Protein chains: 2
Amino acid sequence: MTLAPRPRGRRPGRDDTRGTIRAAAARLFQAHGYEQVSLRSVAREAGVDPALVHHYFSSKADLFCRATLGVTSWDIPRHLQEVLAGPREEVGRRAVRSFFEHWDVAEAAQEYVTTLGPDAADGSRAVTEMMGREIFQPTAAHFGHANAALRGQLAASALLGVMVSRHHLDVQPLASLSLRTLITPLGRTLQHYLVEPW
Amino acid sequence: MTLAPRPRGRRPGRDDTRGTIRAAAARLFQAHGYEQVSLRSVAREAGVDPALVHHYFSSKADLFCRATLGVTSWDIPRHLQEVLAGPREEVGRRAVRSFFEHWDVAEAAQEYVTTLGPDAADGSRAVTEMMGREIFQPTAAHFGHANAALRGQLAASALLGVMVSRHHLDVQPLASLSLRTLITPLGRTLQHYLVEPW
């Protein structure tokens, strides 16, 4: 494994490299959203070999959660598994509940808000893009829908709209209600987008 | 009726005053969204008597459509009437269809895009806020729901999420599909938010 030239004046150890990759990823995700960023482009931005990115982060989703959200506890493959396990008629509800659990954590985490900078909408955007790609689209595909990409994006857009209304628009009463009260209405919307026939 | 002091060096006629009000309203709606702006604040911003605003524009919604969207054809009370008329089980579908008809017009209108400036999301935002307040909330109230404000905001958020995904995120395939193909999935979501029991 070879290393790309390192910034001068620093002697990066293990943590430094990981931090450099994380910072580069945060910049790229912030600027371009989730879809457009590849692990290769993160390596280039960080000035490290792509193999190092794979060494420190198990996947793009993992890198995104750690770099952009500053959370290490959001295990995306496990999240998807939780959504798919259990009764079919409660898929939407489970998808919303898991999302809110992590979003709630993220909302509370100061690092998260700091990472987002002044434009909170960009953060919601990247998160919903990631959710659409890594959770919702695979869920719709799991239920055999040929238009899984569109279905996943509609599900993500339902959450995006609510998050923007809460954080960006500050629409009342939507903004001040607990996320828990939104599980039923949003859960049914996601059920419709991801599972049911149209 | 008295006029507030007019800008010097101009001799405003009828059209000038109307244009001044429109420009003032566009600035305020763009900066603060729909809810927070009153006709009184528009009059203050324009430097005219509030009675003049009422003289030229039939309502806040009317002023919004003309000032922000640059469309004169979007008759909000009539739009609401169209949503409520017809079979109860197709309310959501009718609401989405009417919205898309006007949004499509707005998308196509060059003045609209110009008015929005670089931040198209602000435009979607103000429109969805207006729709929530003037169309969706009254619709949910019409069907006897005590939580009509929340229901209206959820319906607006469903459209906002899709519009931001299309115009701001450029999510594919969602962004390139014709609005027509989205009537069925979104219509059912709005039906659920506005009409059905939770």
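All figures in this text were calculated on a predicted structure; none of them were measured in a lab.

Asks: Lay out helix α9 (residues 148-169) of chain A with the relevant residues and their values.
Replies: Its 22 residues give α9 of chain A an end-to-end C-alpha distance of 30 Å, which sits within 8% of 32 Å, the value for a rise of 1.5 Å per residue. Backbone geometry just downstream of α9 of chain A places D170 of chain A in the positive-phi region, at approximately 55°.

Asks: Report on helix α10 (residues 183-194) of chain A, specifying residues and quantitative values.
Replies: Residues and elements named next belong to chain A. Under the 1.5 Å per step criterion, the end-to-end length of α10 is 15 Å for 12 residues, consistent within 8% with the ideal 16 Å. For α10, a buried count of 10 out of 12 residues is recorded, marking the element as mostly surrounded by other parts of the structure. Here α10 has its buried residues at I183, P185, L186, G187, T189, L190, Q191, H192, Y193 and L194.

Asks: Summarise the confidence of the model for chain A; cite the residues concerned and give the values.
Replies: Residue and element names in this part refer to chain A. Chain-level pLDDT for chain A is 82 on average; 80% of the residues reach the 70-or-more range. Of all secondary-structure elements in chain A, the lowest mean pLDDT belongs to helix α7 (residues 110-116), at 41, while α10 reaches the highest, 97. Note that pLDDT drops below 50 for residues 1-11; the model gives that stretch 13 contacts with residues more than four away or on any other chain. In the predicted structure, residues 108-118 sits below a pLDDT of 50 and forms 14 contacts with residues beyond four places in sequence or in another chain. Overall fold confidence (pTM) sits at 0.81, and the ipTM for the predicted complex is 0.79.

Asks: Describe the packing of α9 of chain A against helix α9 (residues 148-169) of chain B, naming the residues involved and giving the relevant values.
Replies: The description of two packed helices rests on the angle between their axes and on the distance between the axes. Axis separation between α9 of chain A and α9 of chain B bottoms out at 7 Å; the angle between their running directions is 105°. The orientation of α9 of chain A relative to α9 of chain B falls into the category roughly perpendicular. Packed against α9 of chain A, whose contacting residues are L154, S157, L160, G161, V162, V164, S165 and L169 of chain A, the element α9 of chain B presents L154, S157, L160, G161, V162, V164, S165 and L169 of chain B at the interface. Among the residues making up the contact of α9 of chain A with α9 of chain B, the classes are represented as 10 nonpolar, six polar and no charged.

Asks: Explain unusual backbone geometry to me, using residue names and the numbers behind them.
Replies: Cis geometry marks the peptide bond from Q172 of chain A to P173 of chain A; its omega dihedral reads 10°. Topologically, P173 of chain A is positioned in the loop between α9 and α10.

Asks: Kindly report on the relation of the copies chain B and chain A, identifying the contributing residues and their values.
Replies: Both copies of the chain are related by one operation, a rotation about an axis with a shift along it. Screw-axis analysis of chain B against chain A gives a translation of 0.0 Å along the axis, an RMSD of 0.0 Å, and a rotation angle of 180°. What the rotation and shift describe, once combined, is the action of a two-fold rotation axis. No C-alpha of chain B lies nearer the rotation axis than that of G161 of chain B, which sits 1.9 Å from it. Mapped onto chain A, 100% of the interface residues of chain B are again interface residues, and the two copies thus contact each other with one and the same surface.

Criteria and cut-off values
Residues numbered from 1 in each chain as written. Chains lettered and ligands numbered in written order. Predicted model: local features only at pLDDT ≥ 70, side-chain atom pairs only at ≥ 80, totals over all residues. Heavy atoms only, no water. Helix = DSSP H or I, 4+ residues; strand = E, 2+ residues; numbered from the N terminus. Expected span 1.5 Å × (residues − 1). Buried < 20%, exposed > 50% of the residue type's maximum accessible area, 1.4 Å probe, protein only. pLDDT = per-residue confidence, 0-100. Contact = heavy atoms within 4.5 Å. Axes fitted to C-alpha atoms, helices over the stretch in contact; angles between N-to-C directions. Parallel < 35°, antiparallel > 145°, perpendicular 65-115°, else oblique. Nonpolar A, V, L, I, M, F, W, Y, C, P; charged D, E, K, R; others polar. Least-squares fit on C-alpha atoms with pLDDT ≥ 70 in both.

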